[in-house]
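# Results of the structural survey
The primary structure of each chain is shown beneath.
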Amino acid sequence: MSKTTELAEKLAKLNIADMYENDFFLTWEKTDDEIEAVFAVADALRDLRERNKSTKVFDSGLGISIFRDNSTRTRFSFASACNLLGLEVADLDEKKSQIAHGETVRETATMISFMADVIGIRDDMYIGKGNAYMHEFIDSVTQAHEDGELEQKPTLVNLQCDIDHPTQAMADALHIIHEFGGAENLKGKKIAMSWAYSPSYGKPLSVPQGIIGLLTRFGMDVVLAHPEGYEVMSDVVEVAKKNAAESGGSFSITNDMKEAFKDADVVYPKSWAPFAAMEVRTDLYGKGDFDGIDKLEKELLAQNATHQDWLVDDEMMKLTKNGLDTLYMHPLPADIQGISCEHGEVTAKVFDHARDSLYKEASNKPYIIAAMIFLAKVKDPVAALKALDEGAAPRRVFE
């Protein structure tokens, strides 16, 4: 029995009916079975591709991407995921659209969705805005479908918002699962989700929030570490506490990076902006006060500079369970001290030691996104996976 068929059999035991024709906003809105299903389909799609089997479940159709913030990995992961399943990709450049001329969200959403099967949106810059925009967008196309304007309702995949980065968090979780030989082996493992110094300003909170909101579901001992004043959203902290209590793991917060790293099995050092400061920035943006935003940026850069000791180097890694061989994670790009910046999140030695693992971590994201689309658009995913495994044409026709 192939790996794909084994995974399909596993999928058949999960309660995932509600994923069909549904959207993916936040990981903690999904059940344990639904999260497990995404991992299973992602691994199956990777297995099929590695065995040169076509994974196309669409003969035509569009995947629409809307990136309201810069992106490399997530942008190409979404395009790769759509192509893997047989969809073409069209990117909406809002600067070239009619939005500046007063086009409403309802109109934009409907106009780009006539042949769209999935919409991927990244909107992570402003607190209280990104996730809300995604909901307004999908509510618009749902209404357009119900009114007969669209022949199908596209599925929305959150490619990062102000609250969560589900495709990143799930790609990271799958990497940890692979490294430790199964989700069942994560119970009791310690992960340090730590702030680290960056010479830049305003990095989203959705990565650390996504990590604590997801990995607390696996019985891990999750430690969130940051200097005083760099708190994340309190609502997400409550999600993490609830998940930890239900899974038999733990969740704690410390203002000491060394304490977080001590005996950790996994470390995830990543800079982010203080939640309170991002609320101020959102308010200034709403008022059109760009001078105020510039002033805030200077204040936050000065605040960051007082915490340059929040750095991952040899000495910090020695505190962990396995030293340099401890699983080091990052969504990339990292601020590499002496390479991409004078002072940054991590030394070149630590980063280079982890480079192969980091790239494997990143390679999960196209499959995670494809799995989210697959489960939302394929009515019988178990039968579909088995059919692809048994009868699919080769992906490369000529060897």
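What this report covers is the structure whose coordinates are included nearby. Throughout this description, residue numbers start from 1 for each chain and increase along the sequence as written. Local features in a predicted model are, by the rule used here, given only for residues with pLDDT of at least 70; side-chain atom pairs are given and counted only at 80 or more, and totals for whole chains, interfaces and linings are based on all residues. Each side-chain value is derived from all of the structure's non-hydrogen atoms; neither hydrogens nor water enter the calculation.

### Side note on the overall build of the protein chain
Per the convention used, a helix needs a DSSP run of H or I reaching at least four residues, while a strand needs a run of E reaching at least two, with both numbered from the N terminus. A tally of regular secondary structure across the protein chain gives 14 helices and eleven strands. Here the globule rule is a power law, 2.2 Å times the number of residues to the power 0.38, and the radius of gyration is based on C-alpha atoms. Taking 21 Å as the expected radius of gyration for a compact globule of 399 residues, we find that the protein chain reaches 21 Å, a close match to that expectation. Within the protein chain, the proportion of its 399 residues that are buried is 58%. To be clear on the numbers: accessible area is Shrake-Rupley with a 1.4 Å probe, and residue cover counts the displayed protein chains and nothing else. Carbon and sulfur atoms provide 49% of the accessible area of the protein chain, an area that totals close to 17,300 Å². With a 1.4 Å probe rolled over the protein chains alone, any residue whose accessible area is under 20% of its type maximum counts as buried; one over 50% counts as exposed, and the rest are partly exposed.

### Quick notes on the state of the cysteines
Throughout, a disulfide means two cysteine sulfur atoms within 2.5 Å of one another. Counting across every chain of the model gives zero disulfides. The thiol sulfur of C82 is not disulfide-bonded, and the nearest other cysteine sulfur, from C161, lies at 19 Å. Classification of C82 by relative accessible area gives buried; the value is 0%.

### Describing the environment of P166
As for its position among the elements, P166 is in helix α6 (residues 166–179). Placed 203 residues apart in sequence, P166 and I369 show a C-alpha to C-alpha distance of 9.4 Å. Every residue in contact with P166, bar those within four places of it in the chain, is listed here: F24, F25, T27, N158 and M372. Working rule for contacts: check all heavy atoms of both residues, and any pair within 4.5 Å makes them a contact.

### Brief notes about the side chain of D47
Take D47: it is sitting in helix α2 (residues 32–50). D47 sits in the buried class, given a relative accessible area of 9%. Here R51 takes part through its side chain, which lies 2.9 Å from a polar atom of the side chain of D47. Among all residues touching D47, those that are not within four sequence positions of it are K3 and T4. What qualifies as a polar contact is a pair of N or O atoms within 3.5 Å, subject to a donor-acceptor requirement within protein and to the restriction that residues adjacent in sequence count only when both atoms come from side chains.

### Notes on the sheet that holds strand β2 (residues 88–91)
Pairing is parallel in the open sheet, where four strands are placed in the order β2-β1-β3-β4. Lying at the two open borders of the sheet, with one neighbouring strand each, are β2 and β4 (155–161). The average undirected angle you get between the axes of adjacent strands in this sheet is 20 degrees. Two strands qualify as a pair provided DSSP detects at least 2 bridges between them. Relative to β4, strand β3 (residues 116–123) is paired through five bridges, and the arrangement is parallel. Within β4, the residue paired with I121 across the bridge is N158. On the sheet, helix α13 (residues 348–377) packs against β3 and β4 and is oriented at approximately 155 degrees with respect to β4. For helices, the axis comes from a line fit to the C-alpha atoms of the stretch in contact; other axes are also lines fit to C-alpha atoms, and the angle between any two N-to-C directions lies between 0 and 180 degrees.

### Digging into the pairing of strand β5 (residues 190–194)
Judged by how many residues are buried, β5 sits mostly within the fold: five of five residues are covered. Here β5 shows a buried face lined by K190, A192 and S194 and a second buried face lined by I191 and M193. With five bridges joining them, β5 and strand β6 (residues 221–225) adopt parallel strand pairing. Counted as the bridge partner of A192 is V223 from β6.

### Let's talk about the pattern of salt bridges
Should a side-chain nitrogen of Lys or Arg be within 4 Å of a carboxyl oxygen of Asp or Glu, the pair is scored as a salt bridge. Following the criterion strictly, the structure yields 21 salt bridges and no others. We note a salt bridge from R51 to D47, for which the minimum N-O separation is 2.9 Å. By relative accessible area, which is 33% here, R51 ends up partly exposed. Between R106 and E149 there is a salt bridge, with the nearest N and O atoms lying 3.2 Å from each other. With R106 in helix α4 (residues 105–111) and E149 in the loop between α5 (130–146) and β4, the pair connects residues that are 43 residues apart, well separated along the chain. Exposure remark for R106: the relative accessible area of 31% places this residue in the partly exposed category. Each of the salt bridges in this network shares a partner with another, and the network as a whole consists of D47, R51 and D389.

### Section: a nonpolar patch on the surface
A contiguous nonpolar patch, built from M111, F114 and M115 and spanning about 330 Å² of accessible area, is present on the exposed surface. Counting through the fold element by element, F114 comes out in the loop between α4 and β3. You can call F114 partly exposed: its relative accessible area is 39%. Residues form patches when they are more than 30% accessible in relative terms and have no salt bridge. Like charges link within 9 Å. Nonpolar side chains (Val, Leu, Ile, Met, Phe, Trp, Tyr) link within 5 Å.

### Examining the sheet that holds strand β7 (residues 250–254)
Read from one edge of the open sheet, five strands run β7-β6-β5-β8-β9, paired in parallel fashion. Of all strands in the sheet, those bounded by a partner on one side alone are β7 and β9 (327–328). Against the sheet, helix α7 (residues 206–215) contacts β5, β6, β7 and β8 (266–269), and its axis sits at roughly 160 degrees relative to β5.

### Some remarks on the environment of I176
Among the structural elements, I176 can be located in helix α6. Residue classification places I176 among the buried residues on the basis of a relative accessible area of 0%. Spatially, the C-alpha atom of I176 lies 20 Å from that of K318, the residues being 142 residues apart in sequence. Setting aside anything within four residues of it in sequence, one finds I176 in contact with L186, I191, L215, V266, L327 and M329.

### Thoughts on the packing of aromatic side chains
Note on aromatic pairs: the rings of Phe, Tyr and Trp (six-membered ring only in Trp) are paired at centre separations within 6.5 Å, and the planes decide the class, stacked below 30 degrees, edge-to-face beyond 60, tilted for the rest. One pass over the structure, following the stated rule, counts six aromatic pairs. Here the aromatic rings of Y133 and F137 are separated by 6.0 Å at their centres, their planes lie at 55 degrees, and the arrangement is tilted. A residue pair is termed a helical-turn pair when its members lie 3 or 4 positions apart in one helix, as Y133 and F137 do in helix α5 at four residues. Assessed through its relative accessible area of 9%, Y133 is described here as buried. Exposure remark for F137: the relative accessible area of 0% places this residue in the buried category. Ring pairs connect the aromatic residues Y126, Y285 and F290, which therefore count as one cluster.

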